[in-house]
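Below are the chains, spelled out letter by letter.
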Amino acid sequence: LYKEIEICSKITKVIRFDRDESCMIGYGFSISVVEEDGVQQLYITDVKAGGLAFAKGLNAGDEILQLNSKDAHSLNFSDMKAAFTRASLSLTVNTAAAHGPPAALLPAAAPLARPGRPLHRHLLQSQ
């Protein structure tokens, strides 16, 4: 794994999605579960241009601190799966004040997270 060097200030923001907004197009982002030094971290790895997540201000490289008010480091797979099937989704993220960290530092993502689609343990994506 890599060690991140933070060269820009970060801000914390809360982004909320409602089922009505996402039922037709999905959330439009991918996440990756990374375990580093025994601590689980969730990162946004891809944001679909023109999608709902893009419109809400998510960026590749954002770190998810909380998913539906649960700390990201303590979530298990069933918690993550349940979060994407609820009527609303809330993300608390750390994001760069201007631009996020380079996406090249983050693992690649695979397709996922629309209700009814299978979830993968280490890669989650909402299309």
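The coordinates are above.
Residues numbered from 1 in each chain as written. Predicted model: local features only at pLDDT ≥ 70, side-chain atom pairs only at ≥ 80, totals over all residues. Heavy atoms only, no water.

Asks: Any details on the pattern of salt bridges? Residues and values, ideally.
Replies: Summed over all chains, the structure comprises 1 salt bridge. The partner of D79 in a salt bridge is K70, and the shortest N-O contact between them spans 3.7 Å. (Salt bridge = Lys/Arg side-chain N within 4 Å of Asp/Glu carboxyl O.)

Asks: Please give an account of the side chain of Q40 that cites residues and values.
Replies: Positionally, Q40 belongs in strand β3 (residues 39–47). Residue classification places Q40 among the buried positions, given a relative accessible area of 8%. Within polar-contact distance, the side chain of Q40 engages the backbone oxygen of A72 at 2.8 Å. A polar contact of 2.9 Å, which involves the side chain of Q40, links it to the backbone oxygen of L75. (Helix = DSSP H or I, 4+ residues; strand = E, 2+ residues; numbered from the N terminus. Buried < 20%, exposed > 50% of the residue type's maximum accessible area, 1.4 Å probe, protein only. Polar contact = N/O pair within 3.5 Å; in protein donor to acceptor, adjacent residues only side chain to side chain.)

Asks: How would you summarise the packing of aromatic side chains if you had to cite specific residues and measurements?
Replies: Throughout the structure, instances matching the rule amount to 5 aromatic pairs. Residues Y27 and F29 carry aromatic rings whose centres are separated by 6.2 Å and whose planes lie at 50 degrees to one another, so their mutual orientation is tilted. Judged by its relative accessible area of 1%, F29 is buried. Summarising the aromatic geometry, the rings of F29 and F84 are spaced 6.1 Å apart at their centres and angled 45 degrees between planes, so their arrangement reads as tilted. Placement of the pair is F29 in strand β2 (residues 29–36) and F84 in the loop between α3 (77–83) and β6 (88–96), with a sequence separation of 55 residues. Pairwise contacts between aromatic rings join F17, Y27, F29 and F84 into one cluster. (Phe/Tyr/Trp six-rings, centres within 6.5 Å; stacked < 30°, edge-to-face > 60°.)

Asks: Outline the nonpolar core, listing residues and values.
Replies: With 22 residues, the main nonpolar core has F17, F29, L58, L89 and L91 as its most contacted residues. Secondary-structure elements contributing two or more residues to this core are β1 (10–18), β2, β3, α2 (52–56), β4 (63–67), α3 and β6. (Core = buried A, V, L, I, M, F, W, Y, C linked by side-chain atoms within 4.5 Å.)

Asks: Give me the lowdown on the side chain of S90, citing residues and values where you can.
Replies: As for its position among the elements, S90 is in strand β6. Assessed through its relative accessible area of 16%, S90 is described here as buried. Excluding anything up to four places from it in sequence, S90 contacts V14, I15, R16, Q66, L67 and N68. (Contact = heavy atoms within 4.5 Å.)

Asks: An account of unusual backbone geometry is needed here, citing residue identities and associated values.
Replies: At D37, a residue that is not glycine, the phi angle is positive and equals roughly 55 degrees. Relative to the helices and strands, D37 resides in the loop between β2 and β3. Phi at S69 is positive, roughly 70 degrees, even though this residue is not glycine. Position of S69 among the secondary structure elements: in the loop between β4 and β5 (70–71).

All quantities given are derived from atomic positions and should not be read as evidence of function.
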